[in-house]
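Next come the chains, spelled out residue by residue.
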Amino acid sequence: MAGGGSDASVSTLSCAQCGKPAHLQCPKCVELKLPREGAAFCTQDCFKASWSSHKSVHLKAKLTTLGAGDTGEQNSTSTNDSWLYCLKKGQARAPKLPHFDWAGTLRPYPISKRRITPAHIEQPDWALDGIPKIEPNSDLQHVVEIKTPEQIERMRETCRIAREVLDAAARVIRPGITTDEIDEVVHEATIAAGGYPSPLNYHFFPKSCCTSVNEVICHGIPDARKLEDGDIVNVDVTVYYKGVHGDLNETFFVGNVDEASRRLVQCTYECLDKAIAIVKPGVRFREIGEVISRHAFMSGFSVVKSYCGHGIGELFHCAPNIPHYARNKAVGVMKPGQTFTIEPMINAGLWRDRMWPDGWTAVTADGKRSAQFEHTLLVTETGVEVLTARLPTSPSVFPWLT
Ligand code: MF3
Ligand code: CO
Ligand code: CO
């Protein structure tokens, strides 16, 4: 939350948040000379409540002002939002890299044009303009929803599709493939199943999945870099189908991976496994972080604090918040019918994270490797159902499972 609403004579306008008469105007919108409609708020509370979605109009406006001039993109003829977004958030994707204190050896590569989805596929509300509208303003950011049997059945279907999409990505991973080609597999498999790839244009995210290589913790943007022998790569898939999201990820080995990385990835898998094992009605959400943290610490690894698991359903991200670290302050206890993700990110070195200038790519501050696994879960009367569980057809890519 930045700044505060400045007073202005906008009383004829209505609040962009609640529709009541508005007496405040967003100072950033004033500075950018944006239309007063959509920039007016009745109270500081409404201004604050709308901030997480409202702020993206500032970015959008800046991009438009900067225009569709030549961005120097190498692998696309037409300018597109995703390219400009990454460029303007700090020029990380410009042909010449900006000055930045890169934590490790990985660097950003060009990003291809935004992929399209066929007209018959139902889109979430951010698909066209990059701005989630229902999600940030929903009561479900504060209250944990108990899903109806009908919602649960849709979650099962969507999560199974998401699993099959991730499995399709897993099958093509090898040295030499680019993360953009992995994104293409995810995109095509998702739309072939009748789904929409939830990350696509979510808060302007430019691609259909996240690919996080080596020191990237999460939210890596698929690009033109070829995977190299010895890399580890996490692929995070979320599918929107029949009005609900299903979210999972796994970290894969590229060719021959050193022993230390293999231990890191296996430990991360076990952290998620152990966390899932305690899920049942009555257990506190804050316990999940204790279990994960204990196992990671035992193996000499650390737990990322900046990114958490989340409630999921008709919204991509909602309550509850699920920290993966010890002594967290997560509120509430598990109840039958709740659906949420657990997605621990475990670092070989220290827990501290940093952000690349593209505004998305989260990396370890010390440049050492990070691994992650994620499942979408349903709390049942007696325990847990892993909605994104491996299938008999899932490729066997983890030596400890065979
Ligand atoms: N799938 C991620 C998660 O586990 C979220 C990705 S959002 C994106 O919550 F915009 F980065 F794609
Ligand atoms: Co998630
Ligand atoms: Co995910």
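Owing to the predicted nature of the structure, the values given are computational and were not obtained by experimental measurement.

Caption draft 1: Molecular detail of the overall build of the protein chain. For the protein chain, the count of helices and strands is 9 helices and 18 strands. Looking at the protein chain as a whole, 55% of its 402 residues are labelled buried. Residue pairs at least 24 apart in sequence account for 69% of intrachain contacts in the protein chain once pairs closer than 6 positions are excluded.

Caption draft 2: A look at the coordination of the cobalt ion (ligand 3). Within the first shell, the cobalt ion (ligand 3) binds the protein through Asp-236 (OD), Asp-236 (OD), Asp-247 (OD) and Glu-374 (OE), at distances of 2.1 to 2.4 Å. Angles of 58 to 170° at the metal separate the 6 donor atoms of the cobalt ion (ligand 3), which places the site in the irregular class. Separating the cobalt ion (ligand 3) from the cobalt ion (ligand 2) is a gap of 3.3 Å, which Asp-247 spans by donating to each of them. Note that Asp-236 is positioned in strand S7 (residues 232-241) and Glu-374 in the loop between strand S16 (370-372) and strand S17 (375-379), a separation of 138 residues in sequence.

Caption draft 3: The coordination of the cobalt ion (ligand 2), seen in detail. With distances of 2.0 to 2.3 Å, the protein atoms coordinating the cobalt ion (ligand 2) are Asp-247 (OD), His-310 (NE2), Glu-343 (OE) and Glu-374 (OE). All donors of the cobalt ion (ligand 2) belong to a single chain; written as a sequence motif, their spacing is D-x62-H-x32-E-x30-E. Given a relative accessible area of 1%, Glu-374 falls into the buried group.

Caption draft 4: Main features of the site of ligand 1. Taken together, 14 residues lie around ligand 1, and Pro-199, Asp-247, His-317, Glu-343 and Glu-374 are the ones closest in. Thr-238 places a polar side-chain atom, nitrogen or oxygen, 3.2 Å from a nitrogen atom of ligand 1. Here Glu-343 contributes a side-chain N or O atom positioned 2.7 Å from an oxygen atom of ligand 1. For the shell around ligand 1, the per-class residue count stands at 6 nonpolar, 4 polar and 4 charged.

Caption draft 5: Representation of the packing of helix H6 (residues 149-172) against helix H7 (residues 179-192) within the structure. In contact at an axis separation of 9 Å, H6 and H7 are set at 145° when each is read in the N-to-C sense. Regarding H6 and H7, the two cross each other, and that crossing is right-handed. Residues Val-165, Ala-168, Ala-169 and Val-172 of H6 pack against Ile-182, Val-185, Val-186, Ala-189 and Thr-190 of H7. Among the residues making up the contact of H6 with H7, the classes are represented as 8 nonpolar, 1 polar and no charged.

Caption draft 6: Focus on the packing of aromatic side chains. Summed over the entire model, instances satisfying the criterion amount to 14 aromatic pairs. Ring geometry for Trp-126 against Tyr-202: centres 4.8 Å apart, planes inclined by 70°, an arrangement best described as edge-to-face. Here Trp-126 is found in the loop between helix H4 (81-88) and helix H5 (134-137), whereas its partner Tyr-202 is found in the loop between strand S4 (196-197) and strand S5 (210-213), with 76 residues between them in sequence. Judged on exposure class, the residue Trp-126 and its partner Tyr-202 are both buried. Consider the rings of Phe-285 and Phe-340, whose centres lie 5.5 Å apart with planes at 90°: the pair is edge-to-face. Here Phe-285, found in the loop between helix H8 (259-277) and helix H9 (287-298), pairs with Phe-340, found in strand S12 (residues 339-342); they are 55 residues apart in sequence, far enough to count as distant. Phe-340 shares its class with Phe-285; the two are buried. Here the aromatic residues Phe-252, Phe-253, Tyr-269, Phe-373, Phe-398 and Trp-400 are joined through ring pairs into a cluster of three or more.

Caption draft 7: Geometry of the nonpolar core. Val-235, Val-237, Phe-340 and Ile-342 are the most contacted members of the largest nonpolar core, which totals 57 residues. At the level of elements, H6, H7, S7, strand S8 (244-253), H8, H9, S12 and S17 are the ones that each hand at least two residues to this core. For this core, the leading source of residues is H8, giving 8 residues.

Caption draft 8: Representation of the state of the cysteines. For the structure shown, the criterion picks out 0 disulfides. Here Cys-218 stays free of any disulfide, with the sulfur of Cys-210 as its closest cysteine sulfur at 7.5 Å.

Caption draft 9: Structural view of the pairing of S8. Burial of S8 is extensive: 10 of the 10 residues sit out of reach of the surface. Here S8 shows two buried faces, one formed by Val-244, Gly-246, Leu-248, Glu-250 and Phe-252 and the other by His-245, Asp-247, Asn-249, Thr-251 and Phe-253. Examined bridge by bridge, S7 and S8 share 10 bridges and lie antiparallel to one another. The residue of S8 that forms the bridge with Asn-234 is Thr-251. Where S7 hands over to S8, the hairpin turn is made up of 2 residues, of which Lys-242 adopts a positive phi near 50°.

Quick notes on the rules
Here, residues in each chain are numbered from 1, in the same order as that chain's written sequence. By the order in which they are written, chains take letters starting at A while ligands take numbers starting at 1. Only residues with pLDDT of at least 70 are given local features in this predicted model, and only at 80 or more are side-chain atom pairs given and counted; all residues enter the totals for whole chains, interfaces and linings. Neither water nor hydrogens contribute to the side-chain values; these are computed over all heavy atoms in the structure. Strands are runs of DSSP state E lasting at least two residues, helices are runs of H or I lasting at least four, and both sets are numbered from the N terminus onward. Each residue gets one of three labels from its accessible area relative to the maximum for its type: buried under 20%, exposed over 50%, partly exposed in between, using a 1.4 Å probe on protein chains only. Contacts are assigned to residue pairs that have any heavy atoms within 4.5 Å of one another. Sites may look incomplete because water is not among the atoms; the donors themselves are N, O and S atoms within 2.8 Å of the metal, or within 3.2 Å for Na, K and Ca. Only four donors with every angle between 85 and 135 degrees are called tetrahedral; only four or six donors with opposite donors over 155 degrees apart and all others between 65 and 115 are called square planar or octahedral, in that order; all others are irregular. Put simply, a residue is near a molecule or strand once any heavy atom of it comes within 4 Å of that molecule or strand. Pairing of N or O atoms within 3.5 Å defines a polar contact, subject to two protein rules: one partner must be a possible hydrogen donor and the other a possible acceptor, and residues neighboring in sequence count only if both atoms are side-chain atoms. Ten residue types, Ala, Val, Leu, Ile, Met, Phe, Trp, Tyr, Cys and Pro, are classed as nonpolar, four, Asp, Glu, Lys and Arg, as charged, and the remainder, Gly among them, as polar. Only the stretch in contact is used when fitting a helix axis, every axis being a line fitted to C-alpha atoms; angles between N-to-C directions are given from 0 to 180 degrees. Crossing handedness is defined as follows: a turn of the near helix away from the far one that is anticlockwise and smaller than a right angle gives a left-handed crossing, while the clockwise case is right-handed. Pairs were defined over the aromatic rings of Phe, Tyr and Trp, the Trp ring being its six-membered one, requiring ring centres within 6.5 Å. Orientation was assigned from the angle between planes: stacked under 30 degrees, edge-to-face over 60, tilted for the rest. Here, nonpolar core refers to any group of buried Ala, Val, Leu, Ile, Met, Phe, Trp, Tyr and Cys residues whose side-chain atoms link them within 4.5 Å. What counts as a disulfide here is a pair of cysteine sulfur atoms lying within 2.5 Å. In short, DSSP must find at least two bridges between two strands for them to pair.

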